[in-house]
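Geometric and topological summary
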Amino acid sequence: MSKNKKHKPKVQSEKAMSKPVNTNGQVTLSFNATDTLFFRESRPMESMGELQSVFPPPVRTLAGAIRTLIGEHLNVDWREFDANHPSVADIGFGDDLGKLHFQGAWLAWETDGKRERLYPAPLLLMQKDQSFYRLTLESKGIWCDLDKQVRLPKLPDNDDAKGSKPLENTWLTSDGLSAVLSGGKPDPKHIKKASDLFERESRVGIARDNSTRTVEKGLLYQTQHIRPHQGLSVELDTAGLPETMPAKSIIRLGGEGRTASIETKQTSNHLPKAPDANGNTQGLLLYLLTPLNMPQAAHLGFSREERDNQTIWTGTLNGIELELHGAVTGKALREGGWDMAKHQPRAVTSLIPAGSVFFCKAKNGDTQAAIKALHNTQIGELSAYGYGHLAAGLWLKD
């Protein structure tokens, strides 16, 4: 933490970059840490206790690093950069991304020469020892803070499920996610815990005054850094890059000016295909693969209705009329950051976290059409950043 901090990330010079590559259409940008990384939680540096590191990193942080890299590539003089600058068409200004569009951020794991993308474990999955259980909805609603006669999640009527716990800080391989989307359960080999992917390291520092290059007495702070294991990278699917972007670069990423490499790769179709509805299907499940930025996100912005002594919510997503019967959502994700355009801290907002699940029914009864229309789409605000990425699965009969 320092006074007179300059918010001008530096990137490697053009000479140190590799030759340009063709970036027409969507490509995948792969971020690899050169040491540790630090993505500060929303609490300020002067708050009490150790400051945790958010991981995977907020997509705004990755987007900011990419926009800075593009600006350096286009020889932007940041002192002259404003809403009327010619490069705004390429990198946008403020929340406007210009030509850019992102999907992610994703974790990717490489082992034995095989690289696969990982997805946050749906929060309806519970684990006890090596067994997995799926939450479903109560048949009858109860009075709660959401409204009256609301159907809440419950464990299956099975004594073995008692004592099971949510899969927090856990990711699934593509095969594991495919099994869950089809109404099943993942195999233990399709599970990746945080401890399998990265380590958390505590660091102690002291504030300094850049103008005098001296420390500020008594201003100690403690932060938690992330050290990815060999083979772990962060990926961001990106469209709208300049045609002559370099294939590889070194950038500053996150807090404390930590460095990372960034490499441009061809995008492959990682997300599993949507499952087919069958006679045992009563509706569809919408899984959040990335955090959702939407007012009243717990209700998806839908309108409340009372039907058959139950409270449901009705509305439209991507042209599909839906009924929302219940949800499993995690703790709100608090996200802030630095607003480069306004040169001030960004207002902290609450997001519905990745892994949250919504139990829905198609209003016209055509579950398969709803799944096909909503799978691998985005909802909510700031979707160009990658927020609100959906996967659609089967809600089977109890």
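One can find the structure itself at the top, above this paragraph.
Here's a quick rundown of the structure. (Residues numbered from 1 in each chain as written. Predicted model: local features only at pLDDT ≥ 70, side-chain atom pairs only at ≥ 80, totals over all residues. Heavy atoms only, no water.)

**Focus: the overall build of the protein chain**
Which entries qualify depends on this criterion: The numbering of helices and of strands both runs from the N terminus, where a helix is a DSSP run of H or I of at least 4 residues and a strand a run of E of at least 2. In this description the radius of gyration comes from C-alpha coordinates, and the expected globular size is given by 2.2 Å times residues to the power 0.38. Between two residues, a contact is recorded if the distance between any of their heavy atoms is within 4.5 Å. Here the accessible surface of atoms and residues is derived via Shrake-Rupley with a 1.4 Å probe, and residues count as covered only by protein chains that are part of the display. Under the counting rule used here, the positive set is Lys and Arg, the negative set is Asp and Glu, and His together with the chain ends is not counted. A charged residue contributes its charge at one atom only: NZ of Lys, CZ of Arg, CG of Asp or CD of Glu.
From N to C terminus, the protein chain includes 5 helices and 26 strands. For the protein chain, the C-alpha radius of gyration of 22 Å lies close to 21 Å, the compact-globule estimate for 398 residues. The contacts in the protein chain between residues at least 6 apart in sequence include a share of 71% that link residues at least 24 apart. Just so you have it, the protein chain exposes about 19800 Å², and 47% of that area is on carbon and sulfur atoms. Averaging the positions of the 49 positive and the 46 negative side-chain charges in the protein chain gives two centres separated by 3 Å.

**Here's the deal with the packing of aromatic side chains**
Defined as follows: Ring geometry is summarised as follows: Phe, Tyr and Trp rings, the Trp one being its six-membered ring, pair when their centres sit within 6.5 Å, and such pairs are stacked at plane angles under 30 degrees, edge-to-face over 60 and tilted between the two. For every residue, the accessible area obtained with a 1.4 Å probe (protein chains only) is divided by the maximum for its type, and the residue is called buried under 20%, exposed over 50%, and partly exposed between those limits. For a ring to carry a charge above it, either NZ of a lysine or CZ of an arginine must fall within 6 Å of the ring centroid while also lying within 35 degrees of the normal to the ring plane.
Counted under the stated rule, the structure contains 7 aromatic pairs. Centre to centre, the rings of Trp 78 and Phe 81 are 5.4 Å apart; their planes meet at 70°, and the pair counts as edge-to-face. By relative accessible area, which is 24% here, Trp 78 ends up partly exposed. The class for Phe 81 is buried, based on a relative accessible area of 18%. Through pairs of rings, three or more aromatic residues link up here, namely Phe 55, Trp 171 and Phe 198. The ring of Tyr 385 carries the charged tip of Arg 60 above its face, separated from the ring centre by 5.0 Å.

**Observations regarding the pairing of strand S3 (residues 101-111)**
Stated formally: For two strands to be treated as a pair, DSSP must find no fewer than two bridges joining them.
With 8 of 11 residues buried, S3 lies mostly within the body of the structure. Sheet topology note: the S3/strand S14 (residues 232-239) ladder contains 8 bridges and is antiparallel. Bridge assignment links Trp 109 to a residue of S14, and that residue is Leu 232. Across 5 bridges, the pairing between S3 and strand S4 (residues 114-120) is antiparallel.

**Notes on helix H3 (residues 174-181)**
For the record, the criterion: As used here, the arc is the angular range of directions from the helix axis to the C-beta atoms.
Burial in H3 covers these residues: Gly 176, Leu 177, Val 180 and Leu 181. Buried residues along H3 cover an arc of 135° about the axis, so they all sit on one side. For H3, the secondary structure elements touched by its buried residues are S4, strand S5 (125-128), strand S6 (131-134), strand S10 (170-172), strand S17 (281-288) and strand S26 (390-396). Two residues or fewer after H3 comes Gly 183, characterised by a positive phi angle close to 95°.

**A look at the layout of surface pockets**
Gaps left between atoms show up when a probe the size of a water molecule is rolled over them. Put simply, the test is: Cavity and pocket criteria rest on a 1 Å grid covering protein atoms alone: a 1.4 Å probe that fits but cannot get out defines a cavity, protein on both sides within 12 Å along at least 5 of 7 lines defines an open pocket, and an atom within 4 Å of a point defines a lining residue. Grid points are joined across faces, edges and corners, and a volume is the space filled by probe spheres set on the points.
Of the pockets and cavities examined, the second largest pocket occupies roughly 1200 Å³. Every residue lining the second largest pocket is counted, 43 residues in all, and those nearest its centre are Phe 55, Asn 169, Leu 333, Pro 353 and Ala 354. Mapped onto the lining of the second largest pocket, the elements with two or more residues apiece are S3, S4, S10 and strand S21 (333-335). Looking at the lining of the second largest pocket, the element that brings in the most residues is S3, giving 4 residues.

**Some remarks on the pattern of salt bridges**
To be explicit about the condition: We count a salt bridge whenever a side-chain nitrogen from Lys or Arg sits within 4 Å of a carboxyl oxygen from Asp or Glu.
Considering all chains together, one arrives at 16 salt bridges under this definition. The salt bridge partner of Asp 90 is Lys 99, with a shortest N-O separation of 3.6 Å. For Lys 99, a relative accessible area of 53% puts it in the exposed group. Lys 154 is the partner of Asp 157 in a salt bridge, and the nearest nitrogen-oxygen pair spans 3.6 Å. Judged by relative accessible area, which is 19%, Lys 154 ranks as buried. In this structure, a network of salt bridges that share partners links the residues Asp 35, Glu 201, Arg 203, Arg 227 and Arg 258.

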